[in-house]
Amino acid sequence: MARPLASFHLIVTIATLLTVLGLVMVLSASSVEAYAGGGSAYSLFIQQAMFAALGAVGFYVALRLPLRMLRQWSFPLFSLSVLALVLVLIPGIGSEVGGARRWFDVGPISIQPSEVVKVTLVVWGAHLLASRRGAQLKDILVPLVPAGLLVCLLVVLEPNLSTTIALGIVLMALLWFGGLPVRLFVSILVTGLVAASILAVSAGYRSDRVRAFFNPGDDPQGANYQARQAKYSLADGGILGRGLGQSRAKWSYLPNSHNDFIFAIIGEELGFLGCMMVLALFALFVYTGIRIALRSVDPFLRLLVATATTWITTQALINIGYVVGLLPVTGLQLPLVSAGGSSLAITLFMFGIIASAARHEPEAVSALQAGQDGRFSRLLRLPVPEVYTPARADAPRKAASRARAERPRQAPRRRPPPERRRRASESRGTSSLRSTRAWEPTYPMPHARERGRSK
């Protein structure tokens, strides 16, 4: 763990192990139903493998993507993802399945815009908050909170409460790590929980899930059927499991066994030890994400990695929680493991961004610039990361200072009274904050300016 690139190698290893485990379990859990549906037993597995390959390409692209370009394109990409959320609701453009309009069908591939908007919100929100560090509370909340609420509203209209919960987690994580006051953060959190509770009981199928959670003995062949079958599947696995491919529940006893309830199939085939292996991988991911966030000197990377780690880990805990009966069934997938092409590819791209942040740790940058890149980095021909320099944000101000210094000397002017100078400086600081735009790649850093004055 003392090696400079330890965080990078851990992220790559975790992403690889979870993806391979997911492919194996999707093949095992989906083969029976795919064959019974009149197709090939490998149809869902092949589709999942295609998206895994696409996600691997996205992982590699994220590793090579310069951070400046990522920040520069964060707002345009977020805007495009919001536009896609609007277009998917239009009949004839978005594809409707089971009463929900969530997908774009592009040939044999279905793309879910709500999965894409998770990443774009994380990247743009981290860029926005990092650029406005030290700003007033209003400049922190606007436009991030209105944009986040708009995205949640569009996803609710699909309807898709599970993804709305994931987006709410992303928004709350951004505000928490962005330095929002605790009292205001708690108020927003309580408001979000109340809104989620109202949405949970507003629709018939969602209210049935909530009632089934609080009354587990009622309607065992109806609303409680899926949750009960998941528990039976976990209990059937025991400590060591029945063996890979030997699940009984996947023979049409457990609905969505390859998707929402794949953790139950893991418990049945690989037993308690297999479940603990999955939990250990996500625990290692939490440790690595926190390690990268703490070791990063770039505020943008700290916010991005901390938020992405919170989102992915919380989603995994919610999925495992409702499979074992600790939470109501929400439909959130197990990241990198559950079947779902868009979710797999997008999550792998997010892992690639986290791995890129690991390569931007100060010790990692020094080692890579010294030629200690290792066999893996040389094989992928990854570029050497640049050293983070906070002074870059003050480059326009320094250029203006140099220009003023080069001007011909003029007669000294009479200085205004101290009170007028103080009001003028406050006015300039307020106008500079108000002129900030969410889509600009760089901003003056107020905290850097204060650090320079203290020196």
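Residues numbered from 1 in each chain as written. Predicted model: local features only at pLDDT ≥ 70, side-chain atom pairs only at ≥ 80, totals over all residues. Heavy atoms only, no water.

Taking an unreviewed UniProt entry as the reference, the chain is identified by name as Probable peptidoglycan glycosyltransferase FtsW belonging to Nocardia mangyaensis. Looking at the Sequence similarities (unreviewed entry) heading of the UniProt record, one finds this comment for the chain: "Belongs to the SEDS family. FtsW subfamily." Among the UniProt annotations of the chain, the heading Pathway (unreviewed entry) holds the following wording: "Cell wall biogenesis; peptidoglycan biosynthesis." (UniProt positions renumbered as here; feature names shortened; annotations may be inferred.)

Colleague: Just checking my understanding: could you explain empty space enclosed by the protein for this structure?
Modeller: A probe as big as a water molecule, rolled over the atoms, marks out the empty space that is left. The full count for this structure, using the stated rule, is one cavity of 30 Å³ or more. Each pocket or cavity is described by its volume, and for the largest cavity that value is around 40 Å³. (1 Å grid on protein atoms, 1.4 Å probe; cavity = no way out; pocket = protein on both sides within 12 Å on 5 of 7 lines; lining within 4 Å. Points joined across faces, edges and corners; volume = space filled by probe spheres on them.)

Colleague: Hey, could you run me through helix α12 (residues 262–295) in this one?
Modeller: Given 3.6 residues per helical turn, the α-helix brings residues three or four places apart onto the same face. Compared with an ideal rise of 1.5 Å per residue, which puts 34 residues at 50 Å, α12 spans 35 Å between its outermost C-alpha atoms and falls more than 12% short. Taking the largest bend as the criterion, α12 deviates by roughly 130°, centred on L270. (Helix = DSSP H or I, 4+ residues; strand = E, 2+ residues; numbered from the N terminus. Expected span 1.5 Å × (residues − 1). Bend = angle between axes of the 7 residues up to and from the residue.)

Colleague: Explain the pattern of salt bridges to me, please; I cannot follow it from the model alone.
Modeller: Note that side chains of opposite charge can pair when their charged atoms are close. The tally for this structure, following the rule as stated, stands at five salt bridges. As a salt-bridge pair, E115 and K118 come within 3.1 Å of each other at their nearest N and O atoms. Of the two residues, E115 and K118 are both situated in helix α5 (residues 113–131); the distance of three residues between them amounts to about one turn of the helix. Since its relative accessible area comes to 6%, E115 is described here as buried. (Salt bridge = Lys/Arg side-chain N within 4 Å of Asp/Glu carboxyl O. Buried < 20%, exposed > 50% of the residue type's maximum accessible area, 1.4 Å probe, protein only.)

Colleague: Is there a simple way to explain a nonpolar patch on the surface in this structure?
Modeller: A grouping of M69, W73, L77, L80, L83, V86, L87, I90 and I93 is seen on the molecular surface, where their side chains present a nonpolar patch of about 790 Å² in accessible area. Among the elements that take part in the nonpolar patch, helix α4 (residues 74–87) stands out by supplying five residues, more than any other. Residue placement: I90 occurs in the loop between α4 and β1 (95–97). Look at I90 and you get partly exposed, because its relative accessible area is 36%. (Patch = residues over 30% accessible without salt bridge, like charges linked within 9 Å, V, L, I, M, F, W, Y side chains within 5 Å. Areas by Shrake-Rupley, 256 points an atom, 1.4 Å probe, with all protein chains shown as cover.)

Colleague: What should I look at first to understand the UniProt feature "transmembrane region" (unreviewed entry) in the chain in this one?
Modeller: The feature "transmembrane region" (unreviewed entry), as annotated in UniProt, sits at residues 44–63, 75–94, 147–177, 184–205, 261–288, 300–324 and 336–358 in this numbering. Segment residues 44–63 splits into 100% helix and 0% strand. End C-alpha atoms: 29 Å apart. Between the C-alpha atoms that bound residues 75–94 there is a distance of 24 Å. The span itself is 65% helix and 0% strand.

Colleague: Would you explain the packing of aromatic side chains in this entry?
Modeller: Two numbers describe a pair of aromatic rings. These are the distance of the centres and the angle of the planes. Counted according to the given criterion, the structure contains five aromatic pairs. Between F75 and W124, the ring centres sit 5.7 Å apart and the planes meet at 50°, which makes this aromatic pair tilted. Taken together, the residues F75 in helix α4 and W124 in helix α5 connect sequence positions 49 residues apart. Residue classification places F75 among the partly exposed positions, given a relative accessible area of 22%. (Phe/Tyr/Trp six-rings, centres within 6.5 Å; stacked < 30°, edge-to-face > 60°.)

Colleague: How should the sheet that holds strand β2 (residues 100–106) be read in this particular structure?
Modeller: Hydrogen bonds between backbone groups are what pair the strands of a sheet, and the pairing can be parallel or antiparallel. Spatially, β1-β2-β3 is the arrangement adopted by the three strands of the open sheet, whose pairing is antiparallel. Lying at the two open borders of the sheet, with one neighbouring strand each, are β1 and β3 (109–111). Strand-to-strand, the axes of this sheet are offset by a mean angle of 50°, without reference to chain direction. Of the pairings in the sheet, the one linking β1 to β2 comprises three bridges and is antiparallel in character. Along β2, the bridge assignment pairs S95 with W103. (Pairing = 2+ DSSP bridges. Axes fitted to C-alpha atoms, helices over the stretch in contact; angles between N-to-C directions.)

Colleague: It is not clear to me how unusual backbone geometry should be interpreted in this structure. Could you clarify?
Modeller: Glycine aside, residues mostly have negative phi angles, and peptide bonds mostly take the trans form. Looking along the chain, the bond that leaves V142 and enters P143 is cis, with omega of 10°. Turning to its location among the elements, P143 is positioned in the loop between α6 (137–141) and α7 (144–156). That bond from E158 to P159 is cis: its omega, -5°, falls within 30 degrees of zero. Within the secondary structure, P159 is located in the loop between α7 and α8 (161–177).

Colleague: Help me understand the environment of G178, please; the structure alone is not making it clear to me.
Modeller: Residue placement: G178 occurs in the loop between α8 and α9 (182–202). Assessed through its relative accessible area of 28%, G178 is described here as partly exposed. Separated by 125 residues in the primary sequence, G178 and L303 have C-alpha atoms spaced 6.9 Å apart. Non-local contacts of G178, meaning those with residues more than four positions away in its chain, are made with L129 and L303. (Contact = heavy atoms within 4.5 Å.)

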